[in-house]
Amino acid sequence: MGKETVLFKSEEPRDLPSVVDFLRQLADKLAQNEVILRQGERELALSIPNRVVLELKVEEEAKAAATKRTLEIEIEWTEGDDSAGGVTLG
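Residues numbered from 1 in each chain as written. Predicted model: local features only at pLDDT ≥ 70, side-chain atom pairs only at ≥ 80, totals over all residues. Heavy atoms only, no water.

Draft legend 1. Representation of helix H1 (residues 16-31) within the structure. Its 16 residues place the ends of H1 23 Å apart at the C-alpha level, agreeing with the 22 Å of an ideal helix rising 1.5 Å per residue. Two to three positions downstream of the cap, the backbone nitrogen of Ser18 sits 2.9 Å from a side-chain oxygen, assigning the N-cap of H1 to Asp15. Where H1 terminates, the next one or two residues include Asn33, which has phi positive at roughly 65°. (Helix = DSSP H or I, 4+ residues; strand = E, 2+ residues; numbered from the N terminus. Expected span 1.5 Å × (residues − 1). Polar contact = N/O pair within 3.5 Å; in protein donor to acceptor, adjacent residues only side chain to side chain.)

Right under this line is the structure:
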């Protein structure tokens, strides 16, 4: 199995309208097949192929005080691979 390296990571609290705005901007960049992530002086440029794998996952963790839910959206691709499946929103 290959070694996994984290190239960029960010986790920060935001209000929902700010998250919605960020996701819209990300969608616009994805439509152009290029995304540049910036955090302070750090920058990572990604060329996104036309065919990717979209993974959606919802998790729930019940604790005594409250239930925590997580929605994960993951876009993945293999360099040089143009095959992927499809999904729609309902």
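Draft legend 2. Summary view of the environment of Arg42. As for its position among the elements, Arg42 is in strand E2 (residues 42-47). Here Arg42 falls in the partly exposed class, since its relative accessible area comes to 39%. Residues Arg42 and Phe8, spaced 34 residues apart in sequence, show a C-alpha to C-alpha distance of 8.8 Å. Beyond its immediate chain neighbours, meaning those up to four positions away, Arg42 contacts Leu7, Phe8, Lys9 and Leu37. One polar contact links the side chain of Arg42 to the main-chain carbonyl oxygen of Leu7, over a distance of 3.0 Å. (Buried < 20%, exposed > 50% of the residue type's maximum accessible area, 1.4 Å probe, protein only. Contact = heavy atoms within 4.5 Å.)

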